[in-house]
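Per-entry structural report
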Amino acid sequence: MSLERQNRRTFLRFALIAAGMFGFGYALVPFYYQICAAWDVRNIESRAERPANTQVDLGRTVTVELDSNTHKLPWSFRPLVKHVAVHPGEVATVEYEVTNTRGVPITGQAIASYGPQLAGEYFRKFECFCFTQQTLQPGETRRLPVVFVIDPKLPRDVNSIALSYTFFEVEGRSAAAAGDRS
Amino acid sequence: MSSVVDSHDHDHAHGGHDHHDHHGGYSGVMRWITTTNHKDIGTMYLWFSFMMFMVGGVMALAIRLELFSPGMQFFNPDQFNQFITMHGLIMVFGAIMPAFVGFANWQIPMMIGAPDMAFARLNNWSFWLLPFAGTLLILSFFTPGGAPGVGWTLYAPLTVQMGIGMDLTIFAVHILGMSSILGSINIITTILNMRAPGMTLMKMPLFCWTWLITAYLLVAAMPVLAGAVTMTLTDRHFGTTFFNAAGGGDPVLYQHIFWFFGHPEVYIIALPAFGVISQVIPAFSRKPLFGYASMVYATSAIAILSFIVWAHHMYTVGMPVTGQLFFMYATTLIAVPTGVKVFNWVATMWKGSLTFETPMLFALGFLFLFTLGGFTGLVLSLVPVDIQLHDTYYVVAHFHYVMVAGALFSAFAGVYFWLPKWTGKMYDEKLGQVHFWLTLIFFNMIFFVQHFLGMAGMPRRIPDYPLMFETWNKISSIGAFGFGLTQLLFLYIVLKCIRSGEPAPQKPWEGADSLEWTHLPTPAPYHSFETQPVVK
Ligand code: HEM
Ligand SMILES: [Cu+2]
């Protein structure tokens, strides 16, 4: 019967479209990654943290002043040198030393700040004790390295940068490390 | 919602017809299991939808019960999330969508002068898949870990971590999708191939047009959802990492695929509702629909645009400004054809001889409240505003205005409008109007205040909230219980109509002019248009 044949043909046509759209759902997967690549939106590390230029700018020298503080924390905390001179683009390493002067394990978290504040945008740390929490056993002393590069795009008028760390206690963690301290 | 009772009564009372010929040789339950009659199947869709509406409604009441006061009272957060998820899934896929497929089954063959749907046995299958899917969804509550608590959008990575209830839900979505795709192809084939002589496409009642376009949307969008949940399934069990960041996948990818389906889905819900309203308003204005052709074009435009706006649900995931702007402009563009429709409905009423029976009241309720929902949609389409309002109760208010006051009101309008044709009896007009006013008042009580909550910053999908939100939440919860009770009145009205309604004339609505009113007796005979009418 002709209507039946016609109906069957319509059915087939739309069943094929449906099957095609199922495939289209899967095609969205590579398509998505293409679009992301084209627009540069799927970088795991944010673009600000990727050094744009690793060329060392020997024509400039920037003094980095190292500073340290603790906030209500019985730790002694100091940089091993007070300041270093680096060229923008040059990889530099400095070290801090921290000692837990209390009789219980304590966990701390260091927060960095920069003077002038603007310099923070150009200060790229590859390695830093501030990336993770530090747990110190009673009386333990530890050397903490910081590996960094100063972006050559640092504005010309900045000749010195103060790098300052403050250690804060991570309350819950210290208690957990020490058992109940009350 | 016609009835078992009625069709049997009719056949016995008027014994002139051959009973066995009518019901395919079976009686009792087997009649319903084996039926291939579009009217029977329409009836089953509508009753199934109503049952799911009740089940989803009970979950909504559980949610509002917990939110009546700040703090945790009745459910733990996991259970709360499960209710949120299942409420959404059941209402969207179990209540609203099947309701309109029910209308399509009953009405499309009658409106285009066809004897039945194109694939009658397939039609039976499309329906009977639904109870299985519904059962799977409900069963997931009783699995270890309970139903998935991931939200109806089934976002990764949570879905990759859920228990076995998630697998049941995924299968349920597959089955529901299969059912809708088969149903849609059936509707498309019926409309394209089986119209009565002279019934050109541009002469079809608008309800058939909106369903034709909806069916296209379903065929294009449903398989994409099936793909998304299949990826979730293989991520869960077969070592793929589509959405698992640890394996190089990306959860944001899931959101893109889901909303590529999801936004067309909201129009899959809205367009048939537009269709019902486009039948009801002219009938009670005693004027033909204003701007018929522009209605067809507007509907098509909405359907096409609906595929390029999906990321307005994801402005906050971190996309480039160019992307945000594109999706913002595309979204605001949709408001144009939607506006055309609203203006056409208003123009249809302009200088008409209006009467306000229950179907018309629901249509007017739709017109006001759906438009309000459209406006809040427009507010949300603006990137800087949406970044504030995303995932707050403002969004909840928005989509309940378009889905409850939009789609559900339209379904009520349709039931009251066609009930006389389906059952041969009139519903109780007074009770119908009470149902309308109570529904209108309680609806606004629930959802209007949620705009305030959202603007004040209350997030959606939380079981507990700060004290400052208490007053509006209390009002909303009281409204919800009122709304729920009112729907029992609706059930009573329908049952009363079927049992003891006054006999209805062939054309109870003066201004109705489609074939089921002009060419068929009331109630519509079990088999209609076996010889097709000729349309001039
Ligand atoms: C003028 C028309 C419309 C516009 C401009 C619009 C815009 C939007 C936007 C921008 C959102 C995302 C809000 C957010 O998550 O931050 C949204 C959410 C939503 N809209 Fe609409 N909308 C419109 C019409 C509709 C219609 C007709 C429906 C359904 C019948 C609908 C259903 C929904 C749903 C269900 C959500 C929430 C989904 C979720 O996150 O769970 N909208 N709408
Ligand atoms: Cu949308």
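Values in this document were obtained by computation on a predicted structure and should not be read as measured data.

1. Points about the overall build of chain B
Along its length, chain B carries 18 helices and zero strands. Taken against the 2.2 N^0.38 rule, which gives 24 Å for 536 residues, the C-alpha radius of gyration of chain B at 23 Å falls within 12% of a compact globule. For the C-alpha atoms alone, the extent of chain B along its principal axes is close to 70 × 50 × 45 Å. Of the charged side chains in chain B, 21 are positive and 25 negative; the average position of the first set lies 8 Å away from that of the second.

2. Brief notes about the coordination of the copper ion (ligand 2)
Residue and element names in this part refer to chain B. At this site the copper ion (ligand 2) is bound by His 263 (ND1), His 312 (NE2) and His 313 (NE2), with donor distances of 1.9 to 2.0 Å. In the primary structure, the donors to the copper ion (ligand 2) are separated according to the pattern H-x48-H-H. The metal-metal distance between the copper ion (ligand 2) and the iron atom of ligand 1 is 4.5 Å. Of this pair, His 263 sits in helix 10 (residues 251-285) while His 312 is found in the loop between helix 11 (292-305) and helix 12 (321-349), placing the two residues 49 residues apart along the sequence.

3. Considerations on the site of ligand 1
Residues and elements named next belong to chain B. Taken together, 22 residues lie around ligand 1, and Trp 152, Asp 386, His 390, His 398 and Arg 460 are the ones closest in. Interatomic distance of 2.7 Å between a side-chain N/O atom of His 390 and an oxygen atom of ligand 1. For the shell around ligand 1, the leading source of residues is helix 13 (residues 358-381), giving six residues. Here the residues of the shell around ligand 1 sort into 12 nonpolar, eight polar and two charged.

4. Examining the environment of Ile334(B)
Residue and element names in this part refer to chain B. With respect to the helices, strands and loops of the structure, Ile 334 is situated in helix 12. A sequence separation of 40 residues divides Ile 334 from Gly 374, and the C-alpha atoms of the two residues are 10.0 Å apart. In contact with Ile 334, other than residues within four places in its own chain, are His 263, Tyr 267, Ile 302, Leu 305, Ser 306 and Val 309.

5. Concerning the confidence of the model for chain B
Residues and elements named next belong to chain B. Of the residues in chain B, 95% have a pLDDT of 70 or more, and the chain-wide mean is 92. Highest mean pLDDT in chain B belongs to helix 16 (residues 429-455) (97); lowest belongs to helix 1 (residues 4-13) (38). Quick note on the complex model: pTM equals 0.79, ipTM equals 0.88.

6. A few points about the side chain of Gln109(A)
Residue and element names in this part refer to chain A. Relative to the assigned elements, Gln 109 resides in strand 5 (residues 106-115). Only 2.9 Å separates the side chain of Gln 109 from the backbone oxygen of Cys 130, close enough to count as a polar contact. Discounting chain neighbours no more than four positions away, the residues touching Gln 109 are Cys 130, Thr 132, Gln 133, Thr 166, Phe 167, Phe 168 and Val 170.

7. What about the interface of chain A and chain B?
Counting residues at the interface gives 22 residues for chain A and 32 residues for chain B. Between chain A and chain B, the buried area comes to about 2300 Å², and carbon and sulfur atoms account for 77% of it. Summed over the shared surface of chain A and chain B, the number is zero salt bridges. Joining chain A to chain B, the criterion identifies four residue pairs in polar contact (both at pLDDT 80 or more). Here the residues of the side of chain A that touches chain B are counted per class, giving 16 nonpolar, four polar and two charged.

8. What to know about the coordination of the iron atom of ligand 1
Among protein residues, the single donor to the iron atom of ligand 1 is His398(B) (NE2), with a metal-donor distance of 2.1 Å. In this fold, His398(B) is placed in helix 15 (residues 393-423).

9. Things to note about unusual backbone geometry
Backbone torsion omega between Gly115(A) and Pro116(A) reads -5 degrees, so that peptide bond is classified as cis. Within the element layout of this structure, Pro116(A) appears in the loop between strand 5 and strand 6 (123-127). Of the consecutive residues Thr522(B) and Pro523(B), the connecting peptide bond is found in the cis state with omega at -5 degrees. Position of Pro523(B) among the secondary structure elements: in the segment after helix 18 (515-518). Located in the positive-phi region is Lys72(A), a residue other than glycine, with phi close to 50 degrees. Among the structural elements, Lys72(A) can be located in the loop between strand 1 (62-71) and strand 2 (75-79). Given the relative accessible area of 73%, Lys72(A) is considered exposed.

10. Re the sheet that holds strand 8 (residues 141-150) of chain A
Strands pair in a sheet through their backbones, by hydrogen bonds, and they do so in one of two ways: parallel or antiparallel. Residue and element names in this part refer to chain A. Taken in spatial order, the four strands make up an open sheet running 2-4-8-6, and their pairing is antiparallel. The open sheet has two edge strands, strand 2 and strand 6, and neither has a second partner. For this sheet the average axis-to-axis angle between neighbouring strands, irrespective of direction, equals 30 degrees. Note that strand 4 (residues 91-100) and strand 8 share nine bridges and pair antiparallel. Its bridge partner lying in strand 8, Val 98 is registered against Arg 142.

11. Examining the sheet that holds strand 1 of chain A
Residue and element names in this part refer to chain A. Pairing within the open sheet is mixed, and its five strands lie in the order 3-1-9-5-7. Strands at the two margins of the open sheet, each flanked by one partner only, are strand 3 (83-86) and strand 7 (134-136). Across the sheet, the mean angle from the axis of one strand to that of its neighbour is 30 degrees, orientation sign disregarded. Pairing analysis gives nine bridges linking strand 1 to strand 9 (residues 160-169), with the strands arranged parallel.

12. Observations concerning the side chain of Arg31(B)
Residue and element names in this part refer to chain B. Along the polypeptide, Arg 31 turns up in helix 3 (residues 29-34). Judged by its relative accessible area of 1%, Arg 31 is buried. Side-chain polar atoms of Arg 31 contact the side chain of Asp 40, separated by 2.5 Å.

13. Section: the nonpolar core
Inside soluble globular proteins, nonpolar side chains tend to come together where they are buried. Core analysis: the biggest nonpolar cluster contains 191 residues, and Phe93(B), Trp211(B) and Trp345(B) have the highest contact counts within it. It is helix 5 (residues 77-112) of chain B that provides the largest number of residues to this core, a total of 21 residues. In this structure, Trp345(B) is in contact with Phe274(B), Ile277(B), Ser278(B), Ile281(B), Leu289(B), Met295(B), Phe366(B) and Leu367(B), ignoring residues within four places of it in sequence. In this structure, Val86(A), Ala119(A), Phe148(A) and Leu163(A) belong to the second largest nonpolar core, which totals 32 residues.

Cut-offs used in this document
- Residues numbered from 1 in each chain as written.
- Chains lettered and ligands numbered in written order.
- Predicted model: local features only at pLDDT ≥ 70, side-chain atom pairs only at ≥ 80, totals over all residues.
- Heavy atoms only, no water.
- Helix = DSSP H or I, 4+ residues; strand = E, 2+ residues; numbered from the N terminus.
- Rg over C-alpha atoms; globule rule 2.2 N^0.38 Å.
- Lys, Arg positive; Asp, Glu negative; His and termini not counted.
- Charge placed at Lys NZ, Arg CZ, Asp CG, Glu CD.
- Donors = N, O, S within 2.8 Å, 3.2 Å for Na, K, Ca; no water.
- Near = heavy atom within 4 Å.
- Polar contact = N/O pair within 3.5 Å; in protein donor to acceptor, adjacent residues only side chain to side chain.
- Nonpolar A, V, L, I, M, F, W, Y, C, P; charged D, E, K, R; others polar.
- Contact = heavy atoms within 4.5 Å.
- pLDDT = per-residue confidence, 0-100.
- Buried area = accessible area lost by both parts, 1.4 Å probe.
- Salt bridge = Lys/Arg side-chain N within 4 Å of Asp/Glu carboxyl O.
- Buried < 20%, exposed > 50% of the residue type's maximum accessible area, 1.4 Å probe, protein only.
- Pairing = 2+ DSSP bridges.
- Axes fitted to C-alpha atoms, helices over the stretch in contact; angles between N-to-C directions.
- Core = buried A, V, L, I, M, F, W, Y, C linked by side-chain atoms within 4.5 Å.

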